Amino acid sequence: MSTFRAYRINQTDGKITAGFEQLKLDALTAGEVVIKVLWSGINFKDALAASGRGKIVRQFPLNGGIDLSGVVMRSDDRRYREGDEVVVCSGGLSETADGGYAEVARVKAEHVVPLPRGLSLREAMIIGTAGYTAALAVARMEQNGQTQEHGKIIVTGATGGVGSVAINLLSSIGYEVVAFTGKSERHDYLRQLGAQHFIDRHRVEMGSRPLEKAEWGGAVDNAGGETLAWLTRSVKPRGNIASIGLVESHKLHTTVMPFILRGVSLLGINCLEVPFAQRDEIWARLGADWKPSELANMVSREVAFEKLADEFDAYFDGSHWGRTVVKIQQ
Ligand SMILES: NC(=O)c1ccc[n+]([C@@H]2O[C@H](COP(=O)([O-])OP(=O)(O)OC[C@H]3O[C@@H](n4cnc5c(N)ncnc54)[C@H](OP(=O)(O)O)[C@@H]3O)[C@@H](O)[C@H]2O)c1
């Protein structure tokens, strides 16, 4: 392999540009493990990074793609050998290191996870950072005492990548799930994942009192902003809210009342800040008892690498749902 194809994000005069380039291995950021990338995926963060709408890439240029799965070509770390199937998610790819939108990646060994038993390389990318983070949120909620007896769990950003996996996982482990969504045309999809109730995010009445009627046993939130503020006001005593995303807003205006009068817990979820042992355990579960039963149905699009850039707009115009997987090469 002399050169390989990469989708590279650059910055010129403060403006973000992205496109395909032919690279040599020594152009990549440092790492012990060289991987032939077979699959990647698109997360909201990838769309932000490639379009320049979000400050994701912290050094330029970098290959895009926060996730990848593939086969080890070469490793200077004993834990990996040529031919091993591996996954890299939540390892700072496309932020501080070259990412998965390339036929070859070079990655720090500590960020590599052996492909979990029970998953194919493609399935691992259907899960991707989105699904891994959803599982992390559920694990954190349960560690903090969440049980099925607390009542319904509401999931915002329901049709998105994180939301889809969260709904499917929560439902399969016995929670009653409420999908908070802007897409009434996707109710059948959400029902298939396991949602039993629906709230239209365009019509919901959120109220403005420091404490509203306590309705939800807990919440997985991808929205932030007014939606998260409403969740703090409407989660039942001792319930957990996993704060994952900011698709609505990074702002949060609430009061301390839910925390000091209802004992509600707001759990910050950051997929990058996880001890490696816990990360590996969550991935192992995603291939076993927490493997999403509806994984195949979550794939809204499978795209060829060269068509990647056509997909990003859907993450901002509201048409995207589920997971998009990217076939980097055969
Ligand atoms: N903390 C972490 O470590 C971590 C890890 C992964 C992802 N994230 C964040 O989690 C969020 C979701 O990621 P994702 O990959 O699931 O994104 P995604 O696939 O683009 O899904 C986002 C979903 O949010 C809903 N939505 C869109 N615009 C909205 C708005 N203005 N107000 C409320 N809801 C809106 C839509 O679902 P409906 O139409 O069904 O409402 C959309 O499908 C993003 O903010 C992402 O950056 C954080």
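Conventions adopted
- Residues numbered from 1 in each chain as written.
- Predicted model: local features only at pLDDT ≥ 70, side-chain atom pairs only at ≥ 80, totals over all residues.
- Heavy atoms only, no water.
- Buried < 20%, exposed > 50% of the residue type's maximum accessible area, 1.4 Å probe, protein only.
- Helix = DSSP H or I, 4+ residues; strand = E, 2+ residues; numbered from the N terminus.
- Phe/Tyr/Trp six-rings, centres within 6.5 Å; stacked < 30°, edge-to-face > 60°.
- Lys NZ or Arg CZ within 6 Å of the ring centre and 35° of its normal.
- Axes fitted to C-alpha atoms, helices over the stretch in contact; angles between N-to-C directions.
- Parallel < 35°, antiparallel > 145°, perpendicular 65-115°, else oblique.
- Left-handed = near helix turned anticlockwise from the far one by under 90°.
- Contact = heavy atoms within 4.5 Å.
- Nonpolar A, V, L, I, M, F, W, Y, C, P; charged D, E, K, R; others polar.
- Polar contact = N/O pair within 3.5 Å; in protein donor to acceptor, adjacent residues only side chain to side chain.
- Domains from an automatic or database assignment.
- Buried area = accessible area lost by both parts, 1.4 Å probe.
- Salt bridge = Lys/Arg side-chain N within 4 Å of Asp/Glu carboxyl O.
- Near = heavy atom within 4 Å.
- Areas by Shrake-Rupley, 256 points an atom, 1.4 Å probe, with all protein chains shown as cover.
- Pairing = 2+ DSSP bridges.

A. Up close: helix α5 (residues 225-234). With nine of ten residues buried, α5 is to be regarded as a mostly interior element. Along α5, the positions that sit buried rather than exposed are G225, T227, L228, A229, W230, L231, T232, R233 and S234.

B. Here's a closer look at the packing of aromatic side chains. Under the definition given, this model contains nine aromatic pairs. The interplanar angle of 45° and the centroid separation of 6.2 Å between the aromatic rings of Y7 and F312 together place this pair among those described as tilted. Of this pair, Y7 sits in strand β1 (residues 4-12) while F312 sits in the loop between β15 (299-304) and β16 (323-327), and the two are 305 residues apart along the sequence. As far as burial versus exposure is concerned, Y7 and F312 are alike and both buried. Grouping aromatic residues by their ring pairs yields a cluster made of Y7, F20, Y101, F305 and F312. Sitting over the ring of F316, R53 keeps its end group 3.9 Å from the ring centre. Directly above the ring of W290 sits R285, whose terminal nitrogen or CZ lies 4.1 Å from the centroid.

C. The packing of helix α2 (residues 121-143) against helix α7 (residues 276-286), seen in detail. Two elements in contact, α2 and α7, have axes separated by 10 Å at closest approach and are oriented at 110°. Regarding the angle of α2 to α7, the classification is roughly perpendicular. The chirality of how α2 crosses α7 is right-handed. Contacts from A124, I127, G128, G131, Y132, A135, L136, A139 and Q143 of α2 reach α7 at Q278, R279, I282, W283 and L286. Here the residues of the contact of α2 with α7 are counted per class, giving nine nonpolar, four polar and one charged.

D. Focus on the side chain of T159. With respect to the helices and strands, the residue T159 is situated in the loop between β9 (153-156) and α3 (161-172). Classification of T159 by relative accessible area gives buried; the value is 3%. At a separation of 2.9 Å, a polar atom in the side chain of T159 contacts the side chain of K183.

E. Quick peek at the domain arrangement of the protein chain. By domain assignment, the protein chain separates into domain 1 (4-115 + 295-327) and domain 2 (129-268). With centres defined by C-alpha atoms, the gap from domain 1 to domain 2 works out at 29 Å. Listed per partner, the contact involves 15 residues of domain 1 and 15 residues of domain 2. Carbon and sulfur atoms make up 61% of the surface buried where domain 1 meets domain 2, a total of about 1,100 Å² over both sides. Contact with domain 2 buries surface across domain 1, with N297, M298 and W321 losing the most and accounting together for 44% of the total. Summed over the shared surface of domain 1 and domain 2, the result is zero salt bridges. For the interface between domain 1 and domain 2, the tally reads five residue pairs in polar contact (both at pLDDT 80 or more). Residue classes in the side of domain 1 that touches domain 2 are distributed as six nonpolar, seven polar and two charged.

F. Main features of the site of the ligand. The ligand sits among 25 residues. The nearest are T159, T181, K183, R201 and I269. Interatomic distance of 3.0 Å between a backbone N/O atom of L246 and an oxygen atom of the ligand. Here the ligand has 930 Å² of accessible area as a free molecule, and 85% of this is covered by the chains. Counting only elements with at least two residues in the shell around the ligand, the list comes to α2, α3 and β10 (177-181). Considered class by class, the residues forming the shell around the ligand number ten nonpolar, twelve polar and three charged. Inspection of the shell around the ligand shows a minimum of three residues originating in each of domain 1 (4-115 + 295-327) and domain 2 (129-268).

G. Structural detail: the sheet that holds β1. Spatial strand order, β2-β1-β4: three strands in an open sheet with antiparallel pairing. What marks the edges here is a single partner per strand, and that holds for β2 (15-23) and β4 (62-63). Bridge count between β1 and β4: two bridges; the pairing is antiparallel. Residue pairing across strands places I9 opposite L62, the latter belonging to β4.

H. Expanded view of unusual backbone geometry. Omega for the peptide link from F60 to P61 comes to -10°, which places this bond in the cis form. Among the secondary structure elements, P61 is positioned in the loop between α1 (44-51) and β4. Positive phi, close to 50°, is recorded for D13, a residue that is not glycine. With a relative accessible area of 81%, D13 lands in the exposed category.

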